[in-house]
Amino acid sequence: MRLVLLGAPGSGKGTQATRLKDALGVPHISTGDLLRAAVAAGTPLGVQAKIVMDRGELVSDDIVLGMLEERLTAGDTGNGFILDGYPRNSTQTGALDELLARLGQPVDIAVLLDVDPELLISRLAGRAQAEGRSDDSPETVRKRLNVYTEQTAPVIDFYEAAGKLARIDGVGSMDEITARVLAAIAGLSTSG
Ligand code: AMP
């Protein structure tokens, strides 16, 4: 199962990806996690990325695509993957489509976790306190939500046009939302 998980910051993508990875037996690949690992390791790429991430902006498409390609060819994606945080704009959507075609691993389903923006702001404020993420300050949160709305809309349109989009109500208990996603995946195999 090759799944792309879409949703605004705070929509619960990370939480659901962790649960879905266990349910589906495929790795969870988060470009945010890959970037945070580079930041923590203090690599030149990480030092450069941290400045952009702390502003709530997107790291350059080339850097993220390079990291992603390396991760997708690590040898553990034979049964698929859950991609979280990528693609985030039209350029990345096209790049991913090409990369996966080249690898012979096209996306099966793009799942959008739909959550009301007001709820996102309060969720992210809570996460800032709990996790101390430096990009969860109120100002950065607003910026990240704006970036999401402006740049990710074409990504959603792309998967919708390809007939691969499943919109999931992202409000509810963690179990309910996981069940909704698994039902959408099950529907995929029965509808061919
Ligand atoms: P996330 O954990 O997915 O919310 O990502 C945290 C931050 O990492 C984002 O605000 C961006 O600065 C950066 N980032 C993650 N994924 C991408 C991506 N696909 N393209 C560009 N920047 C990204």
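Treat the numbers as computed from the prediction; the structure is a model and nothing was measured.

Calculation notes
Residues numbered from 1 in each chain as written. Predicted model: local features only at pLDDT ≥ 70, side-chain atom pairs only at ≥ 80, totals over all residues. Heavy atoms only, no water. Helix = DSSP H or I, 4+ residues; strand = E, 2+ residues; numbered from the N terminus. Buried < 20%, exposed > 50% of the residue type's maximum accessible area, 1.4 Å probe, protein only. Contact = heavy atoms within 4.5 Å. Axes fitted to C-alpha atoms, helices over the stretch in contact; angles between N-to-C directions. Parallel < 35°, antiparallel > 145°, perpendicular 65-115°, else oblique. Left-handed = near helix turned anticlockwise from the far one by under 90°. Nonpolar A, V, L, I, M, F, W, Y, C, P; charged D, E, K, R; others polar.

Please give an account of the environment of K13 that cites residues and values.
Note that K13 resides in helix α1 (residues 13-24). Accessibility expressed as a relative area gives 11% for K13, which makes it buried. Separated by 98 residues in sequence, K13 and V111 place their C-alpha atoms 9.7 Å apart. Excluding residues within four positions of it along the chain, K13 makes contact with L5, L6, G7, A8, D84, G85 and L113.

Please give an account of the side chain of T31 that cites residues and values.
Its location among the elements puts T31 in helix α2 (residues 31-41). For T31, a relative accessible area of 4% translates into the label buried.

Let's hear about unusual backbone geometry: which residues, and what values?
Cis geometry is found at the peptide bond from Y86 to P87, where omega equals 0 degrees. Along the polypeptide, P87 turns up in the loop between β3 (81-84) and α5 (90-103).

Could you give me a rundown of the packing of helix α4 (residues 61-72) against α5, with the residues and numbers involved?
How two helices sit against one another is set out by the angle between their axes and by the gap between those axes. Viewed as axis vectors pointing N to C, α4 and α5 meet at an angle of 25 degrees, and their least axial separation amounts to 11 Å. Classified by the interaxial angle, the pair formed by α4 and α5 is roughly parallel. As α4 runs across α5, the sense of the crossing is right-handed. Only T91, Q92, A95, L96, L99, L100, R102 and L103 of α5 make contact with α4, whose side of the interface consists of D61, L65, L68, E69 and L72. Its residues assigned to classes, the contact of α4 with α5 shows eight nonpolar, two polar and three charged.

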